[in-house]
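Close look at the chain arrangement
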Amino acid sequence: IPKRDWSSDVCSSDLKSALEGAGVKVGAKVGSSGRLFGSVTEKDIALAVKAATGIELDRHRIKTNGHIKTLGRHVVKISLATTVSANVAVEVVPA
């Protein structure tokens, strides 16, 4: 779905359903203690969403709750329109 068509609430709701139902996995380099080298960025999440769903997102629409520096499941908020946002579960796994 082209980015320019996201402004309608109907289209944004469809995108929200697609994103919240997707299994998004991000691979990251991990040390022996289980901590990541660096952190998972909004750009990494945008690329993972595109790979999982085919939906291309602007990284500025993705909001994380602080830096993601651990393996496991994290929930990020993606703003699709003024009144519509999706809470997407992102699984950080060893690369």
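Everything numeric in this text was worked out from a predicted model, so none of it was measured. (Residues numbered from 1 in each chain as written. Predicted model: local features only at pLDDT ≥ 70, side-chain atom pairs only at ≥ 80, totals over all residues. Heavy atoms only, no water.)

With that settled, the discussion passes to the sheet that holds strand E3 (residues 62-63). What links the strands of a sheet is backbone hydrogen bonding, and the strands pair in either a parallel or an antiparallel sense. Pairing is mixed in the open sheet, where four strands are placed in the order E1-E6-E5-E3. Of all strands in the sheet, those bounded by a partner on one side alone are strand E1 (24-28) and E3. Here E3 runs beside strand E5 (residues 72-79); their pairing, made up of two bridges, is antiparallel. Pairing of Ile62 across the sheet is with Ile78, part of E5. Contacting E1, E3, E5 and strand E6 (85-94), helix H2 (residues 42-53) runs over the sheet at an angle of about 130 degrees to E1. (Pairing = 2+ DSSP bridges. Helix = DSSP H or I, 4+ residues; strand = E, 2+ residues; numbered from the N terminus. Contact = heavy atoms within 4.5 Å. Axes fitted to C-alpha atoms, helices over the stretch in contact; angles between N-to-C directions.)

What follows is about H2. A rise of 1.5 Å per residue sets the reference length of H2, with its twelve residues, at 16 Å; its end C-alpha atoms lie 16 Å apart and thus fit the reference within 8%. Considered for burial, the residues of H2 that qualify are Ile45, Ala46, Ala48 and Val49. Considered in projection along H2, the buried side chains sweep an arc of 165 degrees and stay on one side of the axis. Exposed positions of H2 whose direction lies more than 90 degrees from the buried face are Lys43, Leu47 and Ala51. Positive backbone phi, at 85 degrees, marks Gly54, one or two positions downstream of H2. (Expected span 1.5 Å × (residues − 1). Buried < 20%, exposed > 50% of the residue type's maximum accessible area, 1.4 Å probe, protein only. Arc of directions from axis to C-beta.)

Read these as layout, nothing more, since geometry by itself doesn't imply function.
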